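Residue strings, one per chain:
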Amino acid sequence: ISEDYIKFIFPCGLDTLKTAKKMPIWEERAAKAIVENILFKPKRDDIESNLKGGIQVNIQALFKDEKNNYIFDNDLNLLDYADEHHPVLILVNKVKELLTLNAQETVIELYQKLTPLFQPPYGLYGNPISYAAMAIALRPYIDKLFIANNGTKVDKTLMRDIIEHLFKAANGGKVHSYLSL
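Fair warning: this is a prediction, and the values are worked out from it, not measured in the lab.

Conventions used here
Residues numbered from 1 in each chain as written. Predicted model: local features only at pLDDT ≥ 70, side-chain atom pairs only at ≥ 80, totals over all residues. Heavy atoms only, no water. Phe/Tyr/Trp six-rings, centres within 6.5 Å; stacked < 30°, edge-to-face > 60°. Buried < 20%, exposed > 50% of the residue type's maximum accessible area, 1.4 Å probe, protein only. Helix = DSSP H or I, 4+ residues; strand = E, 2+ residues; numbered from the N terminus. Core = buried A, V, L, I, M, F, W, Y, C linked by side-chain atoms within 4.5 Å. Contact = heavy atoms within 4.5 Å. Salt bridge = Lys/Arg side-chain N within 4 Å of Asp/Glu carboxyl O. Expected span 1.5 Å × (residues − 1).

A. Just the packing of aromatic side chains, in detail. This structure, assessed with the given rule, holds 4 aromatic pairs. A centroid spacing of 6.0 Å and a plane angle of 70° characterise the contact between Phe63 and Phe72, whose relative ring orientation is edge-to-face. In this structure Phe72 comes out as buried when scored by relative accessible area, which is 3%. Geometrically, the ring pair formed by Tyr131 and Phe167 is stacked, given 4.1 Å between the ring centres and 20° between the ring planes. With Tyr131 in helix H6 (residues 128–138) and Phe167 in helix H7 (residues 156–170), this pair connects stretches of sequence that are 36 residues apart. Among the residues examined, Phe167 registers a relative accessible area of 4% and is labelled buried.

Written out as structure tokens, the structure is:
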């Protein structure tokens, strides 16, 4: 799709990030190491220190606005002055909205809840920058969710696997039991 049309089809998508334009970051492939970096490191500085080589440098665009100002503090809390139009902030807020339980829900079918994020106007798909953005958006739910069928607490490692299964399901794969929380 031409860049001229992307901003109209995916106005809330990561494609609007002008600072993340290296082509390999958009190529469809899993990004386990990038997701682990975001989920397992305690601080933004620690994450960024591991994003130095190759395409990973472009992942840093998820933490900053177009003026190179951080949108997260070092503990990965959103800053009050963060640009509300930044696609990661939009994604984080949409995930929070979609995962808010109503009184009748006892189980979250994660893929079903987050399916809108894989469609316009968001347009996440299985590329490293989408995996990274999803890791940022789901990071606050580590140790707060449980797998529905066995009660296992969702730790960092399980969240990494959940993100992988989420993208596989979005790409037409099987919806894994890990996605029932």
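B. Structural context of the nonpolar core. Counting 57 residues, the largest nonpolar core has Leu62, Leu114, Met134, Leu138, Met159 and Ile163 as its most contacted members. Mapped onto this core, the elements with two or more residues apiece are helix H2 (32–40), helix H4 (87–98), helix H5 (110–114), H6 and H7. Ranked by residue count, the leading element in this core is H6, at 9 residues. Residues contacting Ile163, with those up to four places away along its chain left out, are Val35, Leu39, Tyr131, Met134, Ala135 and Leu138.

C. Region of interest: the pattern of salt bridges. Taken as a whole and assessed by the stated rule, the structure comprises 9 salt bridges. The partner of Glu105 in a salt bridge is Lys113, and the shortest N-O contact between them spans 2.8 Å. What makes Lys113 buried here is its relative accessible area of 19%. Taking the shortest distance from any N to any O, the salt bridge between Asp161 and Arg160 comes out at 2.9 Å. Taken together, the shared-partner salt bridges connect Glu36, Arg160 and Asp161 into one network.

D. H4, seen in detail. Across its 12 residues, H4 extends 16 Å between first and last C-alpha, which sits within 8% of the 16 Å expected from 1.5 Å per residue. Taken across its 12 residues, H4 has 9 buried, putting it largely inside the fold. Of the surrounding elements, those touching the buried residues of H4 are H5 and H6.

E. Structural view of the environment of Lys96. Along the chain, Lys96 turns up in helix H4. Once the C-alpha coordinates of Lys96 and Arg44 are considered, the two residues, 52 residues apart in sequence, prove to be 20 Å apart.

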